[in-house]
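# Coordinates in review
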Amino acid sequence: GAGVAFKENFYPDKGRWFMTYASYNKNGDTIKVEHINDEDYTKEQWYLNSIGGTRGNWIDPYYDDVDGITKMVSYSLSVYDEKQSPVGVIIADVSTRTIDSILSCLHVYPDSYYTIVTASGKQIVNTPDEHKGKCHTFTRAIESKNMILSLTIPDREMYWQLYRSSMVFALLGLFELLAIVFIAHRSVRNLKELNEVSAKEQRMESELSVAREMQQSLMPDALPPELSVNVDVRGFQIPARYVGGDLYDYIVHDNMLYFCVGDVSGKGVPAAMLMVEARQMFRTLSTRGPHPDLIMQAMNATASDNNKDLMFMTIFLGVMD
């Protein structure tokens, strides 16, 4: 059977307690639904263990209070409303025969079997009577760790599988050895090509080093002494690669200090090329007058032309009198 038990006075019109429970009849051919409102279930262990919790709980096996001969086990889980407040507990009661019938259909090996015991040592699924011979047993705690699932495998079956697996691994090892010989042969043949690639990379690194020095030389120096009385400008750039898209620059025109700080999307040579273009646009357009918005609009229009790679820049631009 299964049911849901709400917290005290959750449904005041139905009574102090209210629980709905559905179960099979004795013959197992019909389902009976009953509403319980005259029994304080809030002091039951299954309710206390679950209300307000985030994980389900298993209850130690017990005998059904209806017929007194059916061994049962129960699982309970807290229920929450839309405000995440606990409002009750869902409980499911399952006979141990049901669990036994499920596990008896699961076989890692033909004669392997499962058993379940509680943390206190009470058996839920028992050891088969026909079990004989030496075995290996593997255990795993179930969910909230108050039940333990065990898998028992006869040695005669487990070691036969290991022997067969060993043969497979031996064949795989042979193929691996052949693969190593083949790779070594290819490596020797490709060594010359690798050396050529390495030489090309060294030449490229040398060229990029020159490009880095050129880009660093574009960084502006400090203000001239006659202009540095009221303001000073200093900065440096450390690209993530040899060259990069970060930039800062300034010019002085008509006693106005035009300055910008920016970052081009991406890294490397493409970003560096766009950075140089942006710097040149800034220096050219800044001589047209102290209007940062117009300068920025003109830079944006120029940079957008033929921008097939959809690269972009983030720039802060200002003018100081």
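Anyway, here's the lowdown on the structure attached to this text. (Residues numbered from 1 in each chain as written. Predicted model: local features only at pLDDT ≥ 70, side-chain atom pairs only at ≥ 80, totals over all residues. Heavy atoms only, no water.)

## Here we look at unusual backbone geometry
Threshold: Under the DSSP-based scheme used, a helix requires at least four consecutive residues in state H or I and a strand at least two consecutive residues in state E, with every element numbered from the N terminus. Type-normalised accessible area, obtained with a 1.4 Å probe on protein chains alone, sets the label of each residue: buried when under 20%, exposed when over 50%, and partly exposed for intermediate values.
Non-glycine residue Asp 254 carries a positive phi angle of around 55°. Topologically, Asp 254 is positioned in the loop between strand 11 (246-253) and strand 12 (256-264). Relative accessible area serves as the criterion here: at 62%, Asp 254 is assigned to the exposed category. Its identity is not glycine, yet Leu 310 carries a phi of approximately 55°, on the positive side. Inspection of the secondary structure puts Leu 310 in the loop between helix 5 (292-304) and strand 13 (313-320).

## Observations concerning the side chain of Ser 286
Heads up, the rule is: Here, two residues are considered to be in contact whenever any of their heavy atoms come within 4.5 Å of each other.
Mapped onto the elements, Ser 286 comes out in the loop between helix 4 (268-285) and helix 5. Not counting residues up to four positions away in its chain, the partners in contact with Ser 286 are Ile 251, His 253, Tyr 258 and Ile 295.

## Digging into the pattern of salt bridges
To keep things clear, this is the line we draw: Here, a salt bridge means any side-chain nitrogen of Lys or Arg that lies within 4 Å of a carboxyl oxygen of Asp or Glu.
Under the definition given, this model contains 4 salt bridges. Residues Arg 16 and Glu 8 are paired through a salt bridge, measuring 2.3 Å at the closest nitrogen-oxygen approach. When its relative accessible area of 44% is taken as the criterion, Arg 16 is described as partly exposed. In this structure, the salt-bridge partner of Asp 40 is Lys 43, at a minimum N-O distance of 2.7 Å. Classification of Asp 40 by relative accessible area gives partly exposed; the value is 23%. A single salt-bridge network, built from bridges that share partners, covers Asp 249, Arg 279 and Arg 283.

## Considering the nonpolar core
Where we set the bar: Buried Ala, Val, Leu, Ile, Met, Phe, Trp, Tyr and Cys residues that are joined via side-chain atoms within 4.5 Å together make up what is termed a nonpolar core.
Counting 19 residues, the largest nonpolar core has Tyr 258, Val 264, Met 281, Phe 282, Ile 295, Met 299 and Leu 317 as its most contacted members. Going through the elements one at a time, strand 11, strand 12, helix 4 and helix 5 are the ones with two or more residues in this core. In terms of residue count, the dominant contributor to this core is helix 4 (7 residues). Once residues lying within four places of it in the same chain are set aside, the contact partners of Met 281 are Met 299, Thr 302, Ala 303 and Met 313. If you look at the next biggest cluster of nonpolar residues, it comprises 12 residues, including Val 73, Ile 116, Leu 151 and Ile 153.

## Observations regarding helix 2 (residues 96-103)
Formally: Note: the arc covers the axis-to-C-beta directions of the helix.
All of the buried residues in helix 2 are Thr 96, Ile 99 and Leu 103. Viewed along the axis of helix 2, the buried residues span an arc of 60°, placing them on a single side of the element. Helix 2 presents Arg 97 and Ile 102 as exposed residues on the side facing more than 90 degrees away from its buried surface.

## Describing the packing of aromatic side chains
Just so we agree on the cut-off: Pairing of aromatic rings covers Phe, Tyr and Trp, the last through its six-membered ring, and needs centres within 6.5 Å; plane angles under 30 degrees mean stacked, over 60 mean edge-to-face, and all others mean tilted. Note on geometry: a ring has a charge over it if NZ (lysine) or CZ (arginine) is within 6 Å of the ring centre and within 35 degrees of the ring normal.
Following the criterion strictly, the structure yields 10 aromatic pairs and no others. Seen in terms of ring centroids, Tyr 11 and Phe 18 are 5.5 Å apart; in terms of plane orientation they differ by 85°. Their pairing is edge-to-face. Each member of the aromatic cluster is reached from another via a ring pair, and the members are Phe 6, Phe 10, Tyr 11 and Phe 18. Here the basic side chain of Lys 14 rests over the ring of Phe 18, its NZ or CZ set 5.1 Å away from the ring centre.

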